[in-house]
Amino acid sequence: MKQQTSSDWIARSLRSVWHPCTQMQHHEEVPLIAVSHGKGPWLYDHEGRRYLDGISSWWVNLFGHANPRINAALKDQLDKLEHAMLAGFTHEPVIELSEKLAALTGHNLGHAFYASDGASAVEIAMKMSFHAWRNAGYPAKQEFVCLQGSYHGETVGALSVTDVPLFKDAYGPLLRASHVVPAPDARTASEGESAQDVAKRAIADVRALFEARGDKIAAIIVEPLVQCATGMAMYDPLYLELLRELCDQHHVHLIADEIAVGCGRTGTFFACEQAAIWPDFLCLSKGISGGYLPLSLVLTVDSIYQSFYSEDITRGFLHSHSYTGNPLACRAALATLEIFEEDDVLARNRELATKLTIALAPLAEHERASHFRQRGMIFAFDAIEPDPARASTFARRFFTTAVENELLLRPIGRTVYLMPPYILSDEDVAGIAARTQKVFESVIAS
């Protein structure tokens, strides 16, 4: 049989696969990469060309591709149990994972409810919030609040609390209206203002909304510390601290979407830890399985769990899907948590983040880059591109040029960001910084 080349696989994919978050016609110009295999921070195509995965394959991969420790755990689990329904049954991986996650919150949160993807976790948290208020005798509390520029997923409920027109506008007639409050994006600081000043200014709008509509609002949802899909907008932890106080005062649930920012991305395992607060609901996905298998979950406080605990089946939370708490996905997550513990990953990441920040200094100081920012293992800057036509194509041109330079980076608009796996060597650090600078200068000069 003739061996298939990358070109063969690409042609077959374009004939048969509808790729996500993609205008398919763009692949007439933008290359599609047929991945053969991965190893560590690298992806390889069928001709052996390699690409340093600078965005962790959409923010999911924490410890490299084909990680031997996660591989071994999955191989062991395959011989024991691949799946069993979680309604009326349970199994070791889901129990142990739930226990470990609750312990990581200091048992402030627990009773993990499982799904497969981030948007589903957001849907679950929203439904739980609404239903919990109804069970508590407050059926009028059914409105939701999100931040300007927020992104929480692309299912109908999650889109209702998303404020990115590109994703939302086409489906407006299907969506429930939500309140949008200003984001505490530190880039919006006026001259003389600090990030904390921006946080205080933004929280004032939340306070006014809660005072006016608190009896109707079920929950506010935020990505703690970094709003990722809107261009890695970073803000001060003070905002979360003040928001927690407001939610308590006005009896509004706080939903923390830690799908992208959890699992160590911001420097602590949960981003909320940096504000010394816990939400009422915490959503996790992406990195929790190490980038291996679809898995998401919602942790919540005991009082909300107890509000559903009843002989009355209609007071129960009847959400489900067939693969809830899949043993293979849970085992991958357990292996991921074991690596965090055994390798003291958070401490190592602090050292790695310092090295990357130093290596990226020429970009931070570049005359065509603005707002260089870093939080944990997330790095970003905004390209200065005065020509609107060139600005509109910046992301595509950058991606294409990056691929030509053995680099996988996918800008959000004019925002170039790096969210690499946690296993970069010193050589990888130097390489990703040098390649990013080379690609950036090539694109803005072209």
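All values reported here derive from a predicted model rather than from experimental measurement. (Residues numbered from 1 in each chain as written. Predicted model: local features only at pLDDT ≥ 70, side-chain atom pairs only at ≥ 80, totals over all residues. Heavy atoms only, no water.)

Caption draft 1: Layout of the nonpolar core. With 134 residues, the main nonpolar core has Ile 220 and Tyr 239 as its most contacted residues. Top contributing element to this core by residue count: helix α11 (residues 327-342), with ten residues. For Ile 220, the contacting residues outside a window of four places in its chain are Val 145, Val 206, Phe 210, Leu 243, Cys 247, Val 252, His 253, Leu 254 and Ile 255. (Core = buried A, V, L, I, M, F, W, Y, C linked by side-chain atoms within 4.5 Å. Buried < 20%, exposed > 50% of the residue type's maximum accessible area, 1.4 Å probe, protein only. Helix = DSSP H or I, 4+ residues; strand = E, 2+ residues; numbered from the N terminus. Contact = heavy atoms within 4.5 Å.)

Caption draft 2: Expanded view of the environment of Leu 81. Counting through the fold element by element, Leu 81 comes out in the loop between α3 (68-78) and α4 (92-104). When residues no more than four places from it in sequence are discounted, the contact partners of Leu 81 are His 91 and Pro 327.

Caption draft 3: Structural context of the UniProt feature "binding site: pyridoxal 5'-phosphate" (unreviewed entry) in the protein. Within this structure's numbering, the places UniProt gives as "binding site: pyridoxal 5'-phosphate" (unreviewed entry) are Gly 118, Ala 119, Asp 257, His 321 and Ser 322. With the annotated positions falling across 205 residues, the maximum pairwise C-alpha distance of 23.2 Å shows that they are not confined to a single cluster. Position of Asp 257 among the secondary structure elements: in strand β10 (residues 253-257). By relative accessible area, which is 2% here, Asp 257 ends up buried. Sequence-distant contacts of Asp 257, defined by excluding residues within four places in its chain, comprise Val 122, Tyr 151, His 152, Ile 221, Val 222, Glu 223, Pro 224 and Cys 283. Polar side-chain contacts of Asp 257 include one of 2.7 Å to the side chain of His 152. Tracing the backbone shows Ser 322 in the loop between α10 (302-308) and α11. On the basis of relative accessible area, Ser 322 is assigned to the exposed category, the value being 59%. (UniProt positions renumbered as here; feature names shortened; annotations may be inferred. Polar contact = N/O pair within 3.5 Å; in protein donor to acceptor, adjacent residues only side chain to side chain.)

Caption draft 4: Representation of unusual backbone geometry in the model. A positive phi angle, near 65 degrees, is found at Trp 58, a position not held by glycine. Within the element layout of this structure, Trp 58 appears in helix α2 (residues 56-59). Although it is not a glycine, Ala 66 sits at a positive phi angle of roughly 55 degrees. With respect to the helices and strands, Ala 66 occurs in the loop between α2 and α3.

Caption draft 5: Seen up close, the pairing of strand β7 (residues 217-222). In terms of burial, β7 is a largely internal element, six of the six residues being buried. Examined bridge by bridge, strand β5 (residues 143-147) and β7 share four bridges and lie parallel to one another. Residue pairing across strands places Phe 144 opposite Ala 219, the latter belonging to β7. Summarising the sheet, β7 and β10 pair through four bridges and their orientation is parallel. (Pairing = 2+ DSSP bridges.)

Caption draft 6: Region of the structure containing the packing of aromatic side chains. Applying the stated criterion across every chain, the model contains 15 aromatic pairs. Arranged with centres 5.3 Å apart and planes meeting at 75 degrees, the rings of Phe 63 and Phe 340 form a pair that is edge-to-face. You can see Phe 63 sitting in the loop between α2 and α3 and its partner Phe 340 sitting in helix α11, a full 277 residues away along the chain. Measuring from ring centre to ring centre gives 5.7 Å for Phe 394 and Phe 398, while their planes differ by 45 degrees; the resulting arrangement is tilted. Note that Phe 394 and Phe 398 are positioned in helix α14 (residues 388-404) at a spacing of four residues, about one turn of the helix. An aromatic cluster is present here, built from Phe 63, Phe 269, Phe 270, Trp 278, Phe 340 and Tyr 422 joined pairwise through their rings. Over the ring of Trp 42 we find Arg 50; its NZ or CZ atom is 3.7 Å from the centre of that ring. Directly above the aromatic system of Trp 133 lies the positively charged group of Lys 141, at a separation of 4.6 Å from the ring centroid. (Phe/Tyr/Trp six-rings, centres within 6.5 Å; stacked < 30°, edge-to-face > 60°. Lys NZ or Arg CZ within 6 Å of the ring centre and 35° of its normal.)

Caption draft 7: Seen up close, helix α9 (residues 238-250). Over its 13 residues, α9 extends 19 Å from the first C-alpha to the last, a length consistent with the 18 Å expected when each residue adds 1.5 Å. Listed in full, the buried residues belonging to α9 are Leu 238, Tyr 239, Leu 240, Leu 242, Leu 243, Arg 244, Leu 246 and Cys 247. Two residues or fewer past α9, His 251 is found with a positive phi of approximately 55 degrees. (Expected span 1.5 Å × (residues − 1).)

Caption draft 8: Helix α12 (residues 345-359), seen in detail. Over its 15 residues, α12 extends 20 Å from the first C-alpha to the last, a length consistent with the 21 Å expected when each residue adds 1.5 Å. Of the surrounding secondary structure, the elements contacted by the buried residues of α12 are α11, β13 (369-375), β14 (378-383) and α15 (426-445).

Caption draft 9: Main features of the packing of α3 against α11. Taken N-terminus to C-terminus, the directions of α3 and α11 make an angle of 145 degrees; their axes are 9 Å apart at the nearest point. Our pair here, α3 against α11, has a crossing hand that is right-handed. Counted together, Arg 69, Ile 70, Ala 73, Leu 74, Asp 76, Gln 77 and Leu 78 of α3 and Pro 327, Leu 328, Arg 331, Ala 332, Ala 335, Thr 336, Ile 339 and Glu 342 of α11 form the full contact between these two elements. A per-class count over the contact of α3 with α11 returns nine nonpolar, two polar and four charged. (Axes fitted to C-alpha atoms, helices over the stretch in contact; angles between N-to-C directions. Left-handed = near helix turned anticlockwise from the far one by under 90°. Nonpolar A, V, L, I, M, F, W, Y, C, P; charged D, E, K, R; others polar.)

Caption draft 10: Layout of the sheet that holds strand β3 (residues 50-53). Judged by pairing direction, the sheet is mixed, and its four strands sit side by side in the order β1-β2-β3-β15 without closing on themselves. Each of the sheet's edge strands pairs with one partner strand only, and the pair in question is β1 (35-39) and β15 (407-408). Strand direction decides the pairing type here: strand β2 (residues 42-45) and β3, joined by three bridges, are antiparallel. Opposite Leu 43, over in β3, you have Tyr 51 as the bridge partner.

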